[in-house]
Amino acid sequence: MAPPPAVSVTVFAKNGKVYCDSLEVANAFGKKHEHVLRDIRSLDCSAAFRKSNFGFREEIQAHSTGATKRKIAEMARDGFMFLVMGYPGEAAARAKEAFIAEFNRMEEEQRARRLTVRENSKKVRSNYTKTLSKHGVDRPQDYARATNSIYRGLWDKDAAALRQTHDLPAKCNVRDHMSETGLAAAMLAEALSSDRIVQTDRQGIDQCADASYQCATHVRGAISAERASRRVIGSPE
């Protein structure tokens, strides 16, 4: 007897986590899309779990007579497992295995890519601190102030507030816990800050911290504009 056909599924990375969407689930499990959305809405899970594991995006569908909008659910691994655990049958089991394998593959890719970004960010950080040193910043508390100017420009929080917000150890390096996008944002902000400090000849902690904050806010603005362009109407946390 021939083995059952392989199930092909797609997952995607977003904000440091891996997701699948309701269209993929409907296709893989042989369900109508509106029925998958109904199943998600009727899940007996807590509000906190729903907020952390489910979200929605809006897409435009073009037709010969015009265009319509449709809502598509996005779900993290735990949300996906909560949804499909009640889907019975051999075909559903194969689909579950295919999704789990894809989640595992993508999460491993994410870990490897984040490690590369983290190592590159250390090089940019080293250049940033050397630039600060050459421009009159020489006390540990002033390096911390410049770094916090980067964080405030990106996230409206200093390092201590970021640790508290994300329930991190009091003395940890927050960058060891950042997503790939967060690391990239901090790296770009520090690279731009180094350029600005050198090209505008900023001197001392006040001027260097101000230059760092300005660069970080520009990076934040670019990230916000890109995210707004996705037409997201309730993205997963």
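Before reading further, recall that the structure is shown in the block above.
Note that the structure is predicted; figures quoted are calculated from it, not measured.

A. Structural view of the side chain of Ser212. Here Ser212 is to be found in helix α9 (residues 204–228). What makes Ser212 buried here is its relative accessible area of 0%. The contact partners of Ser212, leaving out residues within four places of it in the chain, are Tyr128, Ala146, Ser149, Ile150, Ser193 and Ile197.

B. Molecular detail of the pattern of salt bridges. Using the criterion set out here, one finds 21 salt bridges in the structure. For Lys14, the salt bridge goes to Glu74, with nearest N and O atoms at 2.7 Å. Pair noted here: Lys14 is in strand β1 (residues 12–14) and Glu74 is in strand β4 (residues 66–76), with a separation of 60 residues, a long-range link. Residue classification places Lys14 among the buried positions, given a relative accessible area of 10%. Exposure remark for Glu74: the relative accessible area of 3% places this residue in the buried category.

C. Molecular detail of the packing of helix α1 (residues 22–29) against helix α2 (residues 33–41). Packing of α1 against α2 brings their axes to within 9 Å, and their N-to-C directions diverge by 115°. Considering the angle they form, α1 stands roughly perpendicular to α2. In the crossing of α1 with α2, the sense of the turn from one axis to the other is right-handed. Residues Ser22, Leu23, Val25 and Ala26 of α1 lie in contact with α2, whose contacting residues are His33, Val36, Leu37 and Ile40.

D. Inspection of the packing of aromatic side chains at higher detail. Counted under the stated rule, the structure contains eight aromatic pairs. Measuring from centroid to centroid gives 6.2 Å for Phe29 and Phe99, while their planes differ by 10°, and the two rings are stacked. Highlighted residues: Phe29 in helix α1 and Phe99 in helix α5 (residues 90–134), separated in sequence by 70 residues. Of the two residues, Phe29 and Phe99, neither departs from the other in class, the shared state being buried. Geometrically, the ring pair formed by Tyr151 and Trp155 is tilted, given 5.9 Å between the ring centres and 40° between the ring planes. On the criterion of helical spacing, the pair formed by Tyr151 and Trp155 is a turn pair, its members being four residues apart in helix α6 (residues 140–155). Tyr151 gets classed as buried once you look at its relative accessible area, which sits at 3%. A network of ring pairs unites the aromatic residues Phe29, Phe80, Tyr87, Phe99 and Phe103 as a single cluster. Here the basic side chain of Lys31 rests over the ring of Tyr87, its NZ or CZ set 4.3 Å away from the ring centre. Here the basic side chain of Lys71 rests over the ring of Phe56, its NZ or CZ set 5.5 Å away from the ring centre.

E. Spotlight on the nonpolar core. The biggest cluster of nonpolar side chains holds 26 residues, and the ones touching the most others in it are Val25, Phe29, Phe80, Leu83 and Phe99. Elements with a contribution of two residues or more to this core: β2 (17–21), α1, α2, β4, α4 (77–84) and α5. The element contributing the most residues to this core is α5, with six residues. For Phe29, the contacting residues outside a window of four places in its chain are Phe80, Val84, Tyr87, Ala92, Ala95, Lys96 and Phe99. Of all hydrophobic cores here, the second largest spans 25 residues; its members include Leu154, Met178, Ala185 and Ala211.

F. Representation of the side chain of Arg118 within the structure. With respect to the secondary-structure elements, Arg118 resides in helix α5. Look at Arg118 and you get buried, because its relative accessible area is 8%. With residues near it in sequence (within four places) discarded, Arg118 still touches Asn173, Arg175, Asp176 and Leu183.

G. Structural detail: α9. The end-to-end C-alpha distance of α9, which contains 25 residues, comes to 36 Å, matching closely the 36 Å that a straight helix rising 1.5 Å per residue would cover. For α9, the elements touching its buried residues are α5, α6 and α8 (180–199).

Here is what the cut-offs are and how they apply
- Residues numbered from 1 in each chain as written.
- Predicted model: local features only at pLDDT ≥ 70, side-chain atom pairs only at ≥ 80, totals over all residues.
- Heavy atoms only, no water.
- Helix = DSSP H or I, 4+ residues; strand = E, 2+ residues; numbered from the N terminus.
- Buried < 20%, exposed > 50% of the residue type's maximum accessible area, 1.4 Å probe, protein only.
- Contact = heavy atoms within 4.5 Å.
- Salt bridge = Lys/Arg side-chain N within 4 Å of Asp/Glu carboxyl O.
- Axes fitted to C-alpha atoms, helices over the stretch in contact; angles between N-to-C directions.
- Parallel < 35°, antiparallel > 145°, perpendicular 65-115°, else oblique.
- Left-handed = near helix turned anticlockwise from the far one by under 90°.
- Phe/Tyr/Trp six-rings, centres within 6.5 Å; stacked < 30°, edge-to-face > 60°.
- Lys NZ or Arg CZ within 6 Å of the ring centre and 35° of its normal.
- Core = buried A, V, L, I, M, F, W, Y, C linked by side-chain atoms within 4.5 Å.
- Expected span 1.5 Å × (residues − 1).

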